[in-house]
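# Observations on the model geometry
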Amino acid sequence: MCGIAGFTLPAGTPPEERLARFGPRLRRMTASLHHRGPDEQRGLVLDGAAFGHTRLSILDLSGGSQPMRDPATGLTVVFNGEIFNYLELRERLAAQGYPFRTRSDTEVILASFLARGIDCVQDFVGQFAFALFDPRDGLLWMARDRTGIHPLYYALTAEGLCFASEAKAIFASGWLQPRLDPAGLKQTVHLWSPLAPRTSFEGVQQLPAAHVARFDGARLQSRRYWDIDLSPENVDADLRLGEAVDRLGAALGDAVRLRLRADVPVAAYLSGGLDSSLICALAQEQLGGTLGTFSVSFAQARYDEGEYQHEVAAALRTAHRSVRIEDREIGALLPAVVRHAEQVLLRSAPAPFLQLSRLVRSAGIKVVLTGEGSDEIFWGYDLYKETAVRRFWARQPGSPHRPRLFQRLYPYLQLSRQSPEMLRQFFGLGLEEPDAFDFSHRIRWTNSGRVSRFFSADFAERTRDCDPAAAVRDSLPPRVLSWPALPRAQYLEMQTLLSGYLLSAQGDRMMMANSVEGRFPFLDHRVMELAARMPPGLKLRVLDEKHVLKRFAAARVPARVLQRPKIPYRAPIAEALTGPDAPAWAKELLDRAAVDAVGVFDGARVGKLVEKLAARRAEPSEADNMAVIAAATTQLLSRELTGPPADPPRAHLDAVQLHAEAR
Amino acid sequence: MDTRQKLRTYISETFFVDAYSDQESFLKSGIIDSTGMMELVAFLESDFGVKVEDHELVPANLDSIDNLVAFLERRTAARPAAAG
């Protein structure tokens, strides 16, 4: 739930003057996050900091208003997210003497911080981004959940520090001129997102997942408070499949149970794949038959999973609703997608998610369970299989047989038409360096990095020294470099794609755009830690991915879902952005002069690409799809976010209730 | 335009690359991705009138300008015989 915003300000100013000087700024910032919290918008100007909050009421509907203060100390919090184990923590803290006034999880953060300082995040089973201001020492604290489900941006300003759930709120403060960050853009076309703390914007940073930060008025210090341990020493080698299935069932069941806690109905996304089907099955079991499920289906058959969605919904007897999406709607949705995602995209897949959250919201639902995270922690992605095969092959690079295994991967890529020799050229990239830190990701990053061919000469020159892969390597804790290839692949996957793209551009942002909160049982840290302790063979058993999860799911989801080939979730790109049905904005923004004016891409090259794709002579290649959407969304990002910030609507500004506290 | 030049023009305009040698592997150097290979094959079939069989989809035939030129020469030379 919710959006947060705030900043530090000079201490010692009287309340009326504070309100007059800083109130309008706080009002604009808070109002710009209206979509994240349409139920209530409040701002509080303290002596030393100002906090704003937009609320999506989910827990303690009457008592959970924010910003929330501890009356005794003045400790104040703004919080976006959920502490799912708040009832257990509340009981413990109340027994220790904290005088709770509400039934909210927000107050549990205040009490926990007062009991043990910022290390209280260790106790939280949850997803969160929050800021605390402690008037006793004048420190401002920030914290973000373990995988980065909820966003938290910040910028250093002339007056101190400014933070918010989205970059647009930071721009609304007026402290910062919005400008695209060249290195952030270059990282995005290689890695699919900027690498935290970097963002798409100059001067704006994001707190990385699993970090806390402390600002003392001059300096910001951040540190990691949690990490996943995927080292071989942490693996419980004696764990047998049966026992692993039992433990997984207990952990995942509890993760779902905690995530059904809400004072409003909780529904679920259903993609038709294993992960969401299993989550739906567990939720339906616990809810006793009242689960509502939501899906998106595609008019273009090659992307559509509608058949599986209906089968699962029927088998689980959920109240199912779905929305069907046409190619041209994707084009029409992209400006809003980019305005919310605040980054360049290499895929159009977030667009259907925007449509899906709209459907959820129109059905009166504010909270959905969703299956992200499973493919990372149980090694479901083809990337893991590809890495395993490449490792196997690298041990005997001359073998004519080993590369044939690639034909068993990627059945949807028409690879079966291609000879082993051809596959060898393609999948052999980096084979001579099996211990390189990016062995698992080099092919993907090279493929997406092709987009940089379309950069303008000037932009290419300006970013010449920026090496996205090196930036990833430098961000890794040293111990990760000594892990085997598959655990290292998981770590890279969680640091880049999961946190930077799936949970943000395709996750939080697409849900919160329509005021819907997603909850992720697979990303419960107890589930992630359990998976980390499982022997590799229980996750990827030869080439059978998510082996232990499938065993657990066998009695719970329809057999056809377990047996179906894994198809990556995709949506049309070239069809949606080029040709006679292309949206007007695409024609306008992909025009040569318009592209050159932004200066990131080369107008002439992009023009040729658009012509080529519009002619529809061949099935668009991956490289061309990525290039055209990267160019289009760069143009959108520039138009939607770097112009002079438009004031939030009058009604949203007026809705913010502002107060100043005496101390 | 001779075959080599025609191929170079096609590769440059289709895959948006300027500087590459006639010997360079398209796949290894990242000029063409695996889905792009099918695009190249469609071009050979439409613009050179050769039907590329599955067993011919090998790097020795397709994975550089030199290989493509040699492949097309072999196929063109063989055509009258095949037609006869």
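Residues numbered from 1 in each chain as written. Chains lettered and ligands numbered in written order. Predicted model: local features only at pLDDT ≥ 70, side-chain atom pairs only at ≥ 80, totals over all residues. Heavy atoms only, no water.

### Here we look at the interface of chain B and chain A
At the junction of the two partners, chain B supplies 25 residues and chain A supplies 25 residues. The tally of links between chain B and chain A comes to 2 salt bridges. Notably, a salt bridge pairs R605 of chain A with D18 of chain B, separated by 2.7 Å at the nearest N-O pair. Counting the contacts that link chain B with chain A gives 7 residue pairs in polar contact (both at pLDDT 80 or more). When residues of the side of chain B that touches chain A are assigned to their parent elements, the largest contribution, 6 residues, is made by helix α2 (residues 34–47) of chain B. Within the side of chain B that touches chain A, the residues separate by chemical class into 13 nonpolar, 6 polar and 6 charged. (Contact = heavy atoms within 4.5 Å. Salt bridge = Lys/Arg side-chain N within 4 Å of Asp/Glu carboxyl O. Polar contact = N/O pair within 3.5 Å; in protein donor to acceptor, adjacent residues only side chain to side chain. Helix = DSSP H or I, 4+ residues; strand = E, 2+ residues; numbered from the N terminus. Nonpolar A, V, L, I, M, F, W, Y, C, P; charged D, E, K, R; others polar.)

### Description of the pairing of strand β5 (residues 76–83) of chain A
Residue and element names in this part refer to chain A. In terms of burial, β5 is largely enclosed, as 8 of its 8 residues are buried. Here strand β4 (residues 68–69) runs beside β5; their pairing, made up of 2 bridges, is antiparallel. Paired with M68 across the bridge in β5 is V77. The antiparallel pairing of β4 with β5 creates a hairpin that spans 6 residues between the two strands, and G74 there sits at a positive phi of about 85 degrees. Judged from the 8 bridges that link them, β5 and strand β6 (residues 126–134) form a sheet pairing that is antiparallel. When the bridges of β6 are listed, V77 appears paired with L132. (Buried < 20%, exposed > 50% of the residue type's maximum accessible area, 1.4 Å probe, protein only. Pairing = 2+ DSSP bridges.)

### Looking at the nonpolar core
Counting 198 residues, the largest nonpolar core has F130, L132, L252 and F601 of chain A as its most contacted members. Sort the elements by how many residues they give to this core and helix α28 (residues 622–641) of chain A lands first, with 10 residues. Beyond its immediate sequence surroundings of up to four residues, L132 of chain A is in contact with F51, L75, T76, V77, I109, L110, F113, I118, L139, L140 and W141 of chain A. If you look at the next biggest cluster of nonpolar residues, it comprises 39 residues, including Y20, F48, I65 and F71 of chain B. (Core = buried A, V, L, I, M, F, W, Y, C linked by side-chain atoms within 4.5 Å.)

### Quick word on the environment of T13 of chain A
All names here are of chain A. Structurally, the position occupied by T13 is in the loop between β1 (3–8) and α1 (15–31). As for T13 and A662, which are separated by 649 residues in sequence, their C-alpha atoms are 9.7 Å apart. In this view, T13 contacts R18, R21 and D47; residues no more than four positions away in its chain are not counted. There is a polar contact of 3.1 Å between the side chain of T13 and the backbone oxygen of P10.

### Comments concerning the pairing of β1 of chain A
All names here are of chain A. Counting buried residues along β1, 6 of its 6 residues qualify, which places the element largely inside the surrounding structure. Covered by surrounding structure in β1 are G3, A5 and F7 together with I4, G6 and T8, the residues of both alternating faces. Sheet topology note: the β1/strand β3 (residues 49–55) ladder contains 6 bridges and is antiparallel. Within β3, the residue paired with G3 across the bridge is T54. Judged from the 3 bridges that link them, β1 and strand β9 (residues 160–164) form a sheet pairing that is antiparallel. Its bridge partner lying in β9, A5 is registered against A164.

### Some words on the side chain of R450 of chain A
You can see R450 of chain A is positioned in the loop between α14 (442–449) and α15 (457–462). R450 of chain A has contacts with A623 of chain A together with G30, I31, I32 and D33 of chain B, leaving out every residue within four places of it along the chain.

### A look at the sheet that holds strand β7 (residues 139–144) of chain A
Sheets are built from strands that pair by backbone hydrogen bonding, the pairs being arranged parallel or antiparallel. Residues and elements named next belong to chain A. Ordered in space as β4-β5-β6-β7-β11-β12, the 6 strands form an open sheet in which the pairing is antiparallel. At either end of the open sheet lies a strand with only one pairing partner, and these are β4 and β12 (220–224). Packing of helix α3 (residues 105–116) onto the sheet brings it into contact with β4, β5, β6 and β7, and relative to β5 it is tilted by some 120 degrees. (Axes fitted to C-alpha atoms, helices over the stretch in contact; angles between N-to-C directions.)

### Focus: the environment of S357 of chain A
Residue and element names in this part refer to chain A. Here S357 is to be found in helix α10 (residues 350–362). The spatial distance from the C-alpha of S357 to the C-alpha of A584 is 25 Å, given a sequence separation of 227 residues. Look past the residues within four positions of S357 in its chain and what remains in contact with it is Y269, M510, M511, N514 and V516. At 2.8 Å, the side chain of S357 forms a polar contact with the side chain of N514.

### Considerations on the packing of aromatic side chains
Following the criterion strictly, the structure yields 22 aromatic pairs over all chains and no others. Relative to F22 of chain A, the ring of F7 of chain A has its centre 5.9 Å away and its plane inclined at 45 degrees; by these criteria the two rings are tilted. Note that F7 of chain A is positioned in strand β1 and F22 of chain A in helix α1, a separation of 15 residues in sequence. Overall, F7 of chain A belongs to the buried group, its relative accessible area being 0%. What makes F22 of chain A buried here is its relative accessible area of 2%. Note on F7 of chain A and W175 of chain A: the rings are 4.9 Å apart at their centroids and 80 degrees apart in plane angle, and the pair reads as edge-to-face. Residue F7 of chain A is located in strand β1, and its partner W175 of chain A is located in the loop between α4 (167–172) and α5 (182–191); the two are separated by 168 residues in the primary sequence. Positioned over the ring face of Y20 of chain B is R8 of chain B, at 4.2 Å from the centre of the ring. (Phe/Tyr/Trp six-rings, centres within 6.5 Å; stacked < 30°, edge-to-face > 60°. Lys NZ or Arg CZ within 6 Å of the ring centre and 35° of its normal.)

### Points about the packing of α5 of chain A against helix α16 (residues 468–475) of chain A
Angle between the axes and distance between the axes are the two parameters that describe a pair of packed helices. All names here are of chain A. Close contact between α5 and α16 brings their axes to 9 Å; oriented N to C, the two are set at 90 degrees. Judged by the inter-axis angle, α5 sits roughly perpendicular to α16. Where α5 abuts α16, its residues K186, Q187, H190 and L191 lie against P468, A471 and V472. Of the residues in the contact of α5 with α16, the class split is 4 nonpolar, 2 polar and 1 charged. (Parallel < 35°, antiparallel > 145°, perpendicular 65-115°, else oblique.)

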